[in-house]
Amino acid sequence: MSAKNFHSIHITKDNCVGCVHCLGACPTRAIRIRDGRAVISDELCIDCGECLRVCPYDAVHSHTTSFAALDAFDYKVAIPSTVLYGQFGGGILPTEILSALRRIGFDEVYDLSSICELNCAATEEYLAEHPRPRPFITSTCPVVVRIIQRRYPSLCGQILPIEPPREIAAKILRTILPKALGIPAERIGIIHLTPCSAKMVSINSPATLNKSYLDGAISIRDIFPQIVSALRKSEEDALMGHLFPETQFSGIGMGWSLSGGETRGFKHHKAVAVSGVRDTMRVLDQVEAGLLQDIDVLECTVCPDGCVGGPLEVENRFLAKSRILQLVAAAGERAVVDPKDVSRLYHRNFLSFDHPATPVESNPLDRDPAKAIRKAARRDRIFAMLPKKDCGVCGAPDCRTLADDIVRGRARLGDCPFVKPAKATTRKKEKR
Amino acid sequence: MAAAEAVFHQDFPLKGGDFAKAGVVAVRIKELLKDLGLDAMTVRRAAIAAYEAEMNVIMYAWEGRVDLAVSPEEVHITVDDHGPGISDVELAMTEGYSTATPEMREMGFGAGMGLPNIKKNSDILHIDSRAGKGTRLKIVIRRNGHGQS
């Protein structure tokens, strides 16, 4: 698989029964049922994980890094998404979760909330220097970047070119750790822990970096059991740990994983937060039509309620969200990053994209405009013959998509169970 | 548009006051133009012009219709409405001029940028309006055109 077409989401063929749940859930209509199994189009998939959420047969999986794969490194560093702090009940504090990660084999663990605060401050500096265009769209959600590249190519220039906290954190650690530890950079593994099915995609084929600073991403779901057992074994240590809090959590950065959290710390700019993949697309349609120009930043995350609604978390997102909100309230407005440091890093372009996100070539009905026009007209005629039940039995998510597949040569009218064979022969008639 | 050319036609009905469907036609047009292989910037210009024209009908007219015609060279968006018409077209073309009601403004509409925005994003804009009867906007967007300033 080439880096360009790397996808994290894949179908486990043995589990797939060829039902229609994922067909309708896919926001880019990338899935078809072929020979009784779901097949995902490389071109159209944006790795949002909607199919993974709805599959009743556990047939959709996401490629993430296995814990065992970390043995390849001499020194293992974890930078967990702040979503992890919301996964455990019983008043377990972030410091305990971080030390549990050390106990299960990470040599060092870093909290991301401070880097989230840094990102927020850097974003405001960028906005102050760039009064146009409006709105800028944040790039934290890798799926949003990929949707824009494919469906809203004219908005590529509106993606705010500051790397998200996970990459900034990894870049900082990659800069300081080899010298501090005397270990060659390539022997140090820096791993993100995430509820997201798309982070592996942004690590393997980054849209705005020449190379990701992260070595992998472990799904919270995969590592959760180990953390729980480490927490169980260390209740006494946890008590002691409370008395010597070692990490300063940022109040501004703590809520980053909740929708609106990226921009909550803004002092001078106006932001709107959107979550959920369909709502994100609806609002991006409005931006492309020229609306929302009075907004400085549009924060989009395709998971419901933000990263806290990621498909690879364990706890239901409502509980996780409530716990994180408690942490946010406890941390208050505490800032842990010196604005001067932010400014210095910002002006050295340490936080910037290596290159802008570029449009991914679209997929018209035909490269020849006259042929494309004829195919579009034929597609309308075919659609008129279909039952509009959007049942999915033909293998396409809906009748309109089947008509599209037919003119692209990927399906036949006979695939529709409602079009009678007698009618199917009229295909010649409707064909020019 | 020459008669012999391949032309794709599609009609979209519009209802005045139907704010729940605001922008739906513009999105459909945008998707069609992408399928027809137009470049991203031309599609965006058409999307903005179509959106503004669609909103004019929804905000001011009783009913209307968008007719999309696409040839290999040009996109024609013709919007007909039955409505109050525009009494002073020249004034309506002024940036910031608007007859929107306070309710519309509260919803974020009526900034007086509609027609100027259509002009900016189209290569030809022709307005034919009769007071008390209705308005016809003829918008032409050329592939790789640049709009009017």
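Residues numbered from 1 in each chain as written. Chains lettered and ligands numbered in written order. Predicted model: local features only at pLDDT ≥ 70, side-chain atom pairs only at ≥ 80, totals over all residues.

A. Highlighting the overall build of chain A. Counting secondary structure elements, chain A contains 17 helices and 11 strands. Computed over its C-alpha atoms, the radius of gyration of chain A comes to 24 Å, within 12% of the 22 Å expected for a compact globule of 432 residues. Each principal axis of the C-alpha distribution contributes one length, and for chain A these read about 80 × 50 × 40 Å. Counting over 432 residues, chain A shows a buried share of 47%. A sequence separation of at least 24 residues applies to 76% of the contacts in chain A between residues at least 6 apart. (Helix = DSSP H or I, 4+ residues; strand = E, 2+ residues; numbered from the N terminus. Rg over C-alpha atoms; globule rule 2.2 N^0.38 Å. Buried ≥ 20, exposed ≤ 12 C-beta atoms within 10 Å, placed from the backbone. Contact = placed C-beta atoms within 7 Å.)

B. Examining the sheet that holds strand S3 (residues 74-82) of chain B more closely. Residue and element names in this part refer to chain B. Strand order in the open sheet formed by 5 strands is S1-S2-S3-S5-S4, and the pairing between neighbours is antiparallel. Of all strands in the sheet, those bounded by a partner on one side alone are strand S1 (8-15) and strand S4 (124-130). Averaged over all pairs of adjacent strands, the angle between strand axes in this sheet comes to 10°, irrespective of strand direction. With 7 bridges connecting them, S4 and strand S5 (residues 134-142) associate as antiparallel partners. Within S5, the position partnered with Leu 125 by the bridge is Ile 139. (Pairing = 2+ DSSP bridges. Axes fitted to C-alpha atoms, helices over the stretch in contact; angles between N-to-C directions.)

C. Layout of the interface of chain A and chain B. Counting from both sides, the interface comprises 20 residues of chain A and, opposite them, 20 residues of chain B. Among the elements that line the side of chain A that touches chain B, the one with the most residues is helix H14 (residues 369-385) of chain A, at 7 residues. Considering only residue class, the side of chain A that touches chain B consists of 11 nonpolar, 4 polar and 5 charged. (Nonpolar A, V, L, I, M, F, W, Y, C, P; charged D, E, K, R; others polar.)

D. Representation of the domain arrangement of chain A within the structure. If you check the domain split of chain A, you get domain 1 (1-63), domain 2 (67-347) and domain 3 (365-432). When each unit is reduced to the centre of its C-alpha atoms, the spacing between domain 2 of chain A and domain 3 of chain A is 44 Å. (Domains from an automatic or database assignment.)

E. Main features of the pairing of strand S11 (residues 297-301) of chain A. Residues and elements named next belong to chain A. Judged by how many residues are buried, S11 sits mostly within the fold: 5 of 5 residues are covered. Residues Val 297, Glu 299 and Thr 301 of S11 are buried on one face, and the alternating residues Leu 298 and Cys 300, pointing to the opposite face, are buried as well. As paired elements, strand S10 (residues 271-275) and S11 share 5 bridges and run parallel to each other. Across the sheet, Ala 273 pairs through a bridge with Glu 299, a residue of S11. Handedness of the S10-helix H11 (residues 277-288)-S11 crossover: right-handed. (Right-handed = clockwise from strand over helix to strand, strands pointing away.)

F. Local environment of the sheet that holds S11 of chain A. Judged by pairing direction, the sheet is parallel, and its 3 strands sit side by side in the order S7-S11-S10 (chain A) without closing on themselves. Each edge of the open sheet is held by one strand with a lone partner, namely strand S7 (136-137) and S10 of chain A.

G. Main features of the nonpolar core. Residues and elements named next belong to chain A. Grouped together as the largest cluster of nonpolar side chains are 99 residues, with contacts concentrated most on Ile 137, Val 144, Ile 148 and Ile 191. Among the elements that line this core, the one with the most residues is helix H4 (residues 113-129), at 7 residues. In terms of domain composition, this core takes at least three residues from each of domain 1 (1-63) and domain 2 (67-347). (Core = buried A, V, L, I, M, F, W, Y, C linked by C-beta atoms within 7 Å.)

H. Just the confidence of the model for chain B, in detail. Taken as a whole, chain B shows an average pLDDT of 89; of its residues, 94% reach a score of 70 or greater. For this predicted complex, the interface confidence reaches an ipTM of 0.88, while the overall pTM sits at 0.92. (pLDDT = per-residue confidence, 0-100.)

I. Structural detail: the pairing of strand S9 (residues 216-219) of chain A. Burial along S9 of chain A is two-sided: the face carrying Gly 216 and Ile 218 of chain A and the face carrying Ala 217 and Ser 219 of chain A are both buried. With helix H7 (residues 199-204) of chain A bridging strand S8 (residues 188-194) of chain A and its parallel neighbour S9 of chain A, the resulting β-α-β unit is right-handed.

J. Geometry of the packing of H14 of chain A against helix H15 (residues 399-407) of chain A. All names here are of chain A. Between H14 and H15, the least distance of the axes is 9 Å, while the angle of their chain directions is 135°. Considered as vectors, H14 and H15 are oriented oblique to each other. When you trace H14 past H15, the crossing you get is right-handed. Seen from H14, the contacting residues are Lys 375, Arg 378, Arg 379, Ile 382 and Phe 383; seen from H15, they are Cys 399, Arg 400, Ala 403, Asp 404, Ile 406 and Val 407. (Parallel < 35°, antiparallel > 145°, perpendicular 65-115°, else oblique. Left-handed = near helix turned anticlockwise from the far one by under 90°.)

K. Region of interest: the packing of helix H5 (residues 142-151) of chain A against H11 of chain A. Residue and element names in this part refer to chain A. At a minimum axis distance of 11 Å, the contact between H5 and H11 shows a crossing angle of 45°. If you check the angle between H5 and H11, you find them oblique. When you trace H5 past H11, the crossing you get is right-handed. Listed contacts from H11 to Val 144, Ile 147 and Ile 148 of H5 are Thr 280, Met 281 and Leu 284. When the residues that make up the contact of H5 with H11 are grouped by side-chain class, the tally is 5 nonpolar, 1 polar and no charged.

L. The environment of Val 287 of chain A, seen in detail. Residues and elements named next belong to chain A. By the secondary structure assignment, Val 287 is in helix H11. For Val 287, a count of 22 C-beta atoms within 10 Å puts it in the buried group. Between the C-alpha atom of Val 287 and that of Arg 134, which follows or precedes it by 153 residues, the distance is 9.0 Å. Those residues within four positions of Val 287 in sequence are excluded, and the remaining contacts are Pro 135, Leu 155, Leu 292 and Leu 298.

M. Summary view of helix H8 (residues 220-233) of chain A. Residue and element names in this part refer to chain A. With 14 residues, H8 should reach 20 Å at 1.5 Å per residue; the first-to-last C-alpha distance of 20 Å fits that figure. For H8, the full list of buried residues reads Ile 220, Ile 223, Ile 227 and Leu 231. In this fold, the buried residues of H8 make contact with helix H3 (94-103), S8 and S9. (Expected span 1.5 Å × (residues − 1).)

N. Representation of unusual backbone geometry within the structure. Residue and element names in this part refer to chain A. Following Arg 132, the chain continues into Pro 133 via a peptide bond in cis, with omega recorded as -10°. Mapping Pro 133 onto the fold places it in the loop between H4 and S7. Residue Arg 134 is joined to Pro 135 through a cis peptide bond whose omega torsion reads -10°. Structurally, Pro 135 can be placed in the loop between H4 and S7. Phi at Arg 29 is positive, roughly 50°, even though this residue is not glycine. Tracing the sequence through the fold places Arg 29 in the loop between helix H1 (21-25) and strand S2 (31-34). When the 17 C-beta atoms within 10 Å are taken as the criterion, Arg 29 is described as partly exposed. For Asp 35, which is not a glycine, the phi torsion comes out positive at approximately 50°. Tracing the sequence through the fold places Asp 35 in the loop between S2 and strand S3 (37-40). Taking the number of C-beta atoms within 10 Å as the measure of exposure, Asp 35 has 8 and is therefore exposed.

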